[in-house]
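# Residue-level structural notes
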Amino acid sequence: MPSVKVLSPKIAPERRGPLAKRLCSDMKEFLTAPAIEVFYLTLDGAYVNGEENVGSHAILEVEGPDIKKEDVSRLSINLSKSFMTESGYPDCHVAVVYHVNDNDHVGSVEGLLSERKARGKLPK
């Protein structure tokens, strides 16, 4: 299932819902999925080479199917703009990291999903 992990300064509770809706809308432009999850993780600070990096920073870690490089680029731009607009951090430094989430890249204690399917542990 596609998801976005938002690692950022604390986002006000009243902003989380609208931000999640906007991020999901951005993702649905490029991905076909019945559901997209958004997770919020609060950062306590950012440091570069051991020195505090002032200003707000956010990382949006996206998990989804393998898509074209051009689509990852456009999705990154859209997600960054949506975060800056909806989060309350309009001057935030946003980085988007796209992780391919498929049967050969997702696993558990039982191994990769593709291996579990091959052993008949999951429906094909």
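In case you missed it, the structure is sitting above this.
In what follows, the accompanying structure is described. Keep in mind that what you see is a predicted model, and the values were worked out from it rather than measured. Starting afresh in each chain, residues are numbered from 1 along the sequence in its written order. The predicted origin of the model limits local features to residues at a pLDDT of at least 70 and limits the giving and counting of side-chain atom pairs to 80 or more, whereas totals for whole chains, interfaces and linings rest on all residues. Hydrogens and waters are ignored; side-chain quantities use all the structure's heavy atoms.

Time to look at the overall build of the protein. A run of DSSP states H or I qualifies as a helix once it reaches four residues; a run of E qualifies as a strand once it reaches two. Both are numbered from the N-terminal end. Broken down by element type, the protein carries 3 helices and 8 strands. Working definition: with a 1.4 Å probe on protein chains only, accessible area under 20% of the residue-type maximum means buried, over 50% means exposed, and in between means partly exposed. Taking all 124 residues of the protein together, 30% fall into the buried category. We call two residues contacting when some pair of their heavy atoms lies within 4.5 Å. Here the analysis covers contacts within the protein between residues at least 6 apart in sequence; of these, 72% occur between residues at least 24 apart. Per-residue and other accessible areas follow the Shrake-Rupley method at a 1.4 Å probe size, with only the shown protein chains counted as cover for residues. As presented, the protein carries roughly 7800 Å² of accessible surface, and 52% of it is formed by carbon and sulfur atoms. Residues scored as charged are limited to Lys and Arg (positive) and Asp and Glu (negative), so that His and the chain ends carry no count. Lysine's charge is taken at NZ, arginine's at CZ, aspartate's at CG and glutamate's at CD. For the protein, the distance from the average position of its 16 positive side-chain charges to the average position of its 18 negative side-chain charges is 7 Å.

With 8 bridges joining them, strand β5 (residues 57-64) and strand β6 (residues 93-100) adopt parallel strand pairing. Among the inter-strand pairings, Val 62 is bridged to a residue of β6, identified as Tyr 98. By convention, orient the strands away from the viewer: a clockwise path from the first strand over the helix to the second makes the crossover right-handed. For the crossover from β5 across helix α2 (residues 69-86) to β6, the handedness is right-handed. For two strands to pair, DSSP has to find at least two bridges joining them.

For the rest of this paragraph, the subject is the pattern of salt bridges. Put simply, a salt bridge is a Lys or Arg side-chain nitrogen that is within 4 Å of an Asp or Glu carboxyl oxygen. Tallied over the entire structure, the rule returns 3 salt bridges. Lys 5 is paired through a salt bridge with Glu 61; the nearest N and O atoms lie 3.1 Å apart. Placement of the pair is Lys 5 in strand β1 (residues 3-8) and Glu 61 in strand β5, with a sequence separation of 56 residues. Given a relative accessible area of 26%, Lys 5 falls into the partly exposed group. Given the relative accessible area of 21%, Glu 61 is considered partly exposed.

Next up on the list: the state of the cysteines. Put simply, a disulfide is two cysteine sulfurs that come within 2.5 Å. Counted according to the given criterion, the structure contains 0 disulfides. Here Cys 92 is not cross-linked by a disulfide; its sulfur's nearest cysteine counterpart is in Cys 24, at 19 Å.

Take the packing of helix α1 (residues 13-28) against α2 next. Between N-to-C directions, angles span 0 to 180 degrees; the directions come from axes that are lines fitted to C-alpha atoms, helices contributing only their stretch in contact. Relative orientation of the contacting elements α1 and α2 amounts to 165°, with a least axis distance of 9 Å. Here α1 lies roughly antiparallel to α2, going by the angle between them. Like other packed secondary-structure pairs, α1 and α2 cross with a definite hand, here right-handed. The segment α1 lies against α2, with Arg 15, Pro 18, Leu 19, Arg 22, Leu 23, Asp 26 and Met 27 engaging Leu 75, Asn 78, Leu 79, Ser 82, Phe 83, Thr 85 and Glu 86. Residue type decides the class: Asp, Glu, Lys and Arg count as charged, Ala, Val, Leu, Ile, Met, Phe, Trp, Tyr, Cys and Pro as nonpolar, and the leftover types, Gly among them, as polar. Partitioned by chemical class, the residues of the contact of α1 with α2 number 7 nonpolar, 3 polar and 4 charged. Convention used here: angles under 35 degrees read as roughly parallel, angles over 145 as roughly antiparallel, angles from 65 to 115 as roughly perpendicular, and any remaining angle as oblique. In this scheme the crossing of two helices becomes right-handed for a clockwise turn of the near helix relative to the far one and left-handed for an anticlockwise turn of less than a right angle.

Turning our eyes to something else, we now look at unusual backbone geometry. Positive phi values are uncommon outside glycine, yet Asn 49 reaches one of about 50°. Residue Asn 49 is classed as exposed on the basis of its relative accessible area of 78%.

The next thing to look at is the sheet that holds β5. The pairing of strands in a sheet comes from backbone hydrogen bonds and takes either a parallel or an antiparallel form. Spatially, the 4 strands line up as an open sheet ordered β2-β1-β5-β6, and their pairing is mixed. Taken across any chain shown, the strands that pair with only one partner, and hence form the sheet edges, are β2 (37-42) and β6. Ignoring which end each strand starts from, the neighbouring axes of this sheet average 15° apart. Pairing between β1 and β2: 6 bridges, direction parallel. Bridging from a neighbouring strand, Val 6 pairs with Tyr 40 of β2. Sheet contacts for α1: β1, β2 and β5; angle to β2, the most-contacted strand, approximately 130°. With respect to the sheet, α2 is in contact with β1, β5 and β6, its orientation differing from that of β6 by roughly 140°.

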